[in-house]
Amino acid sequence: MTGRGIEATADGRAVLVGTRQLLAERGVDASRPEADGVRLAKLGNTAIYAAVDGKPAGVVAVADTVKEHSPRAVRALRDLGLEVAMITGDNRRTAEAVARQVGIGRVLAEVLPEDKAAEIRRLQDEGKLVAMVGDGINDAPALAQADVGIAIGTGTDVAIEAADVTLISGALDGVVTSVGLSRATMRNIRQNLFFAFVYNVLGIPVAAGALYAATGLLLNPMIAAAAMALSSLSVVTNANRLRTYCAPSLPARGAPLDGVDVEVHEHEGRKEESMATVKDPVCGMEIDPATAAASEEYEGRTYYFCSESCHQRFVAAPEQFAA
């Protein structure tokens, strides 16, 4: 059960392994192991509850180790004036503990995989330009929804296909580099526009004889040709400065936060059976048709896709994937 856990029969016994909410839905009283789950969550672990034959059996804690450079990268992004937020399916206690450790001030917690794209859209509705960093198959719709999708190169192929930018390494400092380089590129473009226009703004009136009546000055064609060549040379030379771009070094250490704003995703009114998800025929990922990146009609049936890449692959050979 996506985002909830696993229900199985093992040796004739009914087994549940998953979230606290899953056990509650199945009528299992998990109040006894919940105290341990809360304690583990405050340490940044994800608590996984287990029940056998309708009775609580225990709690297991797992955790993604925070990479050494991640707090430094988050601080560098904040120093660049960016607001850093974390979207996670973990419960609010675990999410808050990790966010505080790495220095992230806003957390969207308990978000099911199929709801990540909706959370990105909600941030966009707040008037923000959103860049999403992800590496998993469940991140693909959110990467496609974001204004800029950034995939970790060590992640899944589906995430890479859905993203606009792919970082070759799995290090978050690549995000800092990409932001810094993009800003340097835009700054270079504005400088080039200045160089391109300044010669024309100064030269065209003189060439048209604007100063002839007052001073008798005309622009010699040879000088005009030289100015035109100099304009192109200035633009090309300035653009080549980007070849020497060096990413700034990350701060020596991160900046942990005491206060974290945690927003818990609301699932009110949603039932597992009513989740209108469909399968992408190319990659096999379950997606919500409302947030699909593209759709295509084929032989009277509508197919939905997590990314434009999957859509194009389907269009190229629909009979292969429709089968």
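A short tour of the structure in this document, coming up.

1. Description of the environment of Val130
Here Val130 is to be found in the loop between helix H5 (116-125) and strand S7 (131-134). The contact partners of Val130, leaving out residues within four places of it in the chain, are Ile120, Leu123, Gln124, Ala146, Asp147 and Val148.

2. Some words on the sheet that holds strand S3 (residues 46-52)
Read across the open sheet, the four strands follow the order S1-S2-S3-S4; overall the sheet is antiparallel. What marks the edges here is a single partner per strand, and that holds for strand S1 (5-10) and strand S4 (55-62). Going across the sheet, the axis of each strand differs from the next one's by a mean of 20°, ignoring polarity. As judged from the four bridges shared by strand S2 (residues 13-18) and S3, these two strands associate in the antiparallel manner. Its bridge partner lying in S3, Leu16 is registered against Ala51.

3. A short note on the packing of aromatic side chains
In this structure the tally under the stated criterion is four aromatic pairs. On the numbers, 5.1 Å between centres and 55° between planes, the contact of Phe305 with Phe314 is tilted. Among the aromatic side chains, those forming a connected cluster through ring pairs are Tyr298, Tyr303, Phe305 and Phe314.

4. With respect to a nonpolar patch on the surface
Together, Met186, Ile189, Leu193, Phe197, Val201 and Leu202 make up an exposed nonpolar region whose accessible area comes to about 590 Å². Mapped onto the fold, Val201 is located in helix H8 (residues 173-207).

5. Side note on the packing of helix H3 (residues 70-79) against H8
Between H3 and H8, the shortest axis-to-axis distance is 8 Å and the interhelical angle comes to 20°. Of the possible angle classes, the one that applies to H3 and H8 is roughly parallel. By crossing handedness, the relation of H3 to H8 is classed as left-handed. Each of Ala73, Ala76 and Leu77 in H3 lies in contact with H8, whose residues at this interface are Asp173, Val175, Val176 and Val179.

Basis of the calculations
Residues numbered from 1 in each chain as written. Predicted model: local features only at pLDDT ≥ 70, side-chain atom pairs only at ≥ 80, totals over all residues. Heavy atoms only, no water. Helix = DSSP H or I, 4+ residues; strand = E, 2+ residues; numbered from the N terminus. Contact = heavy atoms within 4.5 Å. Pairing = 2+ DSSP bridges. Axes fitted to C-alpha atoms, helices over the stretch in contact; angles between N-to-C directions. Phe/Tyr/Trp six-rings, centres within 6.5 Å; stacked < 30°, edge-to-face > 60°. Patch = residues over 30% accessible without salt bridge, like charges linked within 9 Å, V, L, I, M, F, W, Y side chains within 5 Å. Areas by Shrake-Rupley, 256 points an atom, 1.4 Å probe, with all protein chains shown as cover. Salt bridge = Lys/Arg side-chain N within 4 Å of Asp/Glu carboxyl O. Parallel < 35°, antiparallel > 145°, perpendicular 65-115°, else oblique. Left-handed = near helix turned anticlockwise from the far one by under 90°.

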